[in-house]
Amino acid sequence: MIVYFLPIDSMGYYRIAALFVAMLKTIPDSVGFIMFPSIREHYGRFKDLKLLINHVEKPTVIIATFLLFGIGAVIITTPFAIQYFLPQYQSGILPANILVAGFFFMGLISVHSSFLVSADEQNSIIFLQLFDVIIAIALNYLLIKMGMGLFGVAIATAIVYFLHGNIILWITYSKLAYSLTNKIKNILLYNFCFAACMIFLICITKYYIYNSDGTVNLINTASGLLIYGLYVLGLM
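No experiment lies behind these values; they were computed from the predicted model shown.

Chemist: In this structure, what is going on with the pattern of salt bridges? I would like to understand it.
Modeler: Two side chains carrying opposite charge are able to pair once their charged atoms lie near each other. Scanning the model with the defined rule gives 2 salt bridges in all. When the shortest N-O distance is used, the salt bridge between lysine 25 and aspartate 29 registers 2.6 Å. Here the residue lysine 25 and the residue aspartate 29 both occupy positions in helix α2 (residues 9-46), the gap between them amounting to 4 residues, near one helical turn. Since its relative accessible area comes to 36%, lysine 25 is described here as partly exposed. Close ionic contact of lysine 175 with glutamate 121 constitutes a salt bridge, the shortest N to O distance being 3.3 Å. Separated by 54 residues along the polypeptide, lysine 175 in helix α8 (residues 149-175) and glutamate 121 in the loop between α6 (110-118) and α7 (122-145) bring together distant segments of the chain. For glutamate 121, a relative accessible area of 18% puts it in the buried group.

Chemist: Where do I start with the packing of helix α9 (residues 180-209) against helix α10 (residues 218-235) in this structure?
Modeler: To characterise two packed helices, one gives the angle between the axes of the helices and the distance between these axes. α10 packs onto α9 with a crossing angle of 160° between their chain directions and a minimal axis gap of 11 Å. On the basis of their axis angle, the class for α9 and α10 is roughly antiparallel. In the packing of α9 onto α10, the handedness of the crossing is right-handed. Together, Phe192, Cys193, Ala196, Cys197, Met198, Phe200, Leu201, Ile204, Tyr208 and Ile209 of α9 and Asn220, Thr221, Ser223, Gly224, Ile227, Tyr228, Tyr231, Val232 and Leu235 of α10 make up the contact between the two elements. Its residues placed into classes, the contact of α9 with α10 shows 15 nonpolar, 4 polar and no charged.

What counts, and at which threshold
- Residues numbered from 1 in each chain as written.
- Predicted model: local features only at pLDDT ≥ 70, side-chain atom pairs only at ≥ 80, totals over all residues.
- Heavy atoms only, no water.
- Salt bridge = Lys/Arg side-chain N within 4 Å of Asp/Glu carboxyl O.
- Helix = DSSP H or I, 4+ residues; strand = E, 2+ residues; numbered from the N terminus.
- Buried < 20%, exposed > 50% of the residue type's maximum accessible area, 1.4 Å probe, protein only.
- Axes fitted to C-alpha atoms, helices over the stretch in contact; angles between N-to-C directions.
- Parallel < 35°, antiparallel > 145°, perpendicular 65-115°, else oblique.
- Left-handed = near helix turned anticlockwise from the far one by under 90°.
- Contact = heavy atoms within 4.5 Å.
- Nonpolar A, V, L, I, M, F, W, Y, C, P; charged D, E, K, R; others polar.

Rendered as structure tokens:
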């Protein structure tokens, strides 16, 4: 869709964002891959999904912490890297940040997806992925036609990530027999942590990382990353 509706230079901007997402994706994918045999073994032995709560929740908290820090690291350091090494890609920073931030919800549910496959809910995942494709095509087309360009593509993708992640969380907690209150509470907790970190990132980049003339320097970038890292650890 980007190829057909956007200028060719948008592909370069999009590939930078995709590269950042691919780097963030490695840890959640690895954790999900490692946990899958353990989840299958425990389910096969005890035949009780509720006994798998710790196998799902504990790794997910670790993944969430990593993702929040990783997303912040990308958003904080990208302006410095672009300014000094790829200045021609300045206009791609915001779409890249949106896409990277939205990936939180996809990376978060790697272990949940492994759990659902173990619980024979792979059909639910397939139907959800089809839903994702339909929503993505519709939103991308709409936002591009509205003149939002690559910014619109990034927003559309982030919305799909958000919906997919939260729906998977809901299905998982339903299979784990969580009460309605606990399902809502757990899902809102992850969303709150994400929102709190994004608000903090917006503030620290706008009022600390960037100089008054719109440039960035190494000292502010490094110290800003440290401050954000401490904030994430305190939050989680």
